[in-house]
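Inside the fold
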Amino acid sequence: MNVSDKYRTAWESYWSQTSDARGEAIWDSDPSLSAAPHSELLLPHADPDRTIVDLGCGNGTQTRYLATRFARAVGVDLSHAAVEHARRAANGDPVEFRQLDLTDTDAVRALHQHLGDTHVYMRAVIHQSEPPARPAVAAAVAELIGSEGRAFVVELTSGSREVLKRAASEPGGPGPKLQRVFHHGLKPADASDEEIPRLLTEAGLTVLADGETTVPQTEHLTDGTRIDLPAHWFVLARA
């Protein structure tokens, strides 16, 4: 299956109306809070001489960091506008970006054939995907890592809904970055806590390590507290 036109349009409009300013997207956190600690969790299980693919790379902030830790980094995103953001921000850095629908099985398989078994980095993609698309997203992770690669997947947990509810009910309403997420019809923390590990297992993946964490955002509550969304991380291999 492929994602719906509504979903594709929502992401295209979001990124088309997002500036190139660092942190303009609410999830565009500094790599020191995201890809750096995540790499430390992945690398004990993963060969740094292998390519890593950043699924749902957005404007490529995390991908550019991953390129400093692995032999090669490729960022892919559903949105053409996001990929253009990422290419502009790369500014000559040795990193590649391309448009890819993770639910397009043939396109994912073609990328695997082109790159060989890779590592995968996926930060908060399944939870906001349309429910019918989620199994295909998990299957894309399994396809890309093959038998030799490893994956780092981090997804929001149900606790994130309470944090988002609190942020949305601030006296002045949600901050401008969170407001834009809702305005474009994006649905964070939409998957249940049981669904994510089930989807990963059904995709033929096995958990090598996992734990609790947060996904830091670039927006704060009115009291100055940064919005940190509760999440669970997994290091995965093919079963």
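Everything that follows concerns the structure shown earlier in this document.
None of the values given here were measured: they were computed from a predicted structure. (Residues numbered from 1 in each chain as written. Predicted model: local features only at pLDDT ≥ 70, side-chain atom pairs only at ≥ 80, totals over all residues. Heavy atoms only, no water.)

1. Describing the pairing of strand E6 (residues 205-220)
Rules: Strands are treated as partners if at least two bridges between them are detected by DSSP. The helix and strand labels rest on DSSP assignments: H or I over at least four residues marks a helix, E over at least two residues marks a strand, and numbering proceeds from the N terminus.
Where E6 and strand E7 (residues 226-238) come together, twelve bridges link them in antiparallel fashion. Looking across to E7, one finds that Thr206 is bridged to Ala237. From the end of E6 to the start of E7, which pair antiparallel, there are five residues, and Gly224 there has a positive phi angle of about 95°.

2. Description of the nonpolar core
For clarity, the threshold we go by: Buried residues of nine kinds, namely Ala, Val, Leu, Ile, Met, Phe, Trp, Tyr and Cys, make up a nonpolar core once their side-chain atoms join them within 4.5 Å. Note on exposure labels: buried denotes an accessible area under 20% of the residue type's maximum, exposed denotes more than 50%, and partly exposed covers the range between, all computed with a 1.4 Å probe on protein chains only. It only takes one pair of heavy atoms within 4.5 Å for two residues to be counted as in contact.
With 43 residues, the main nonpolar core has Trp11, Trp15, Leu42, Ile52, Leu66, Phe97 and Phe152 as its most contacted residues. Elements that contribute at least two residues to this core include exactly helix H1 (5-16), helix H2 (35-42), helix H4 (80-90), strand E5 (151-156), helix H7 (159-168), helix H8 (176-183), E6 and E7. With residues near it in sequence (within four places) discarded, Trp15 still touches Ala25, Trp27, Gly58, Asn59, Ser79, Ala81, Ala82 and His85. Counting residues in each nonpolar core, the second largest holds 30 residues, with Leu55, Val74, Ile126 and Ala203 among its members.

3. Section: unusual backbone geometry
Positioned with a positive phi, Asn91 is a non-glycine residue whose angle comes to about 50°. Tracing the backbone shows Asn91 in the loop between H4 and strand E3 (96-99). Judged by its relative accessible area of 69%, Asn91 is exposed. Phi at Ala189 is positive, roughly 55°, even though this residue is not glycine. Following the sequence through the fold, Ala189 ends up in the loop between H8 and helix H9 (195-202). Exposure remark for Ala189: the relative accessible area of 3% places this residue in the buried category.

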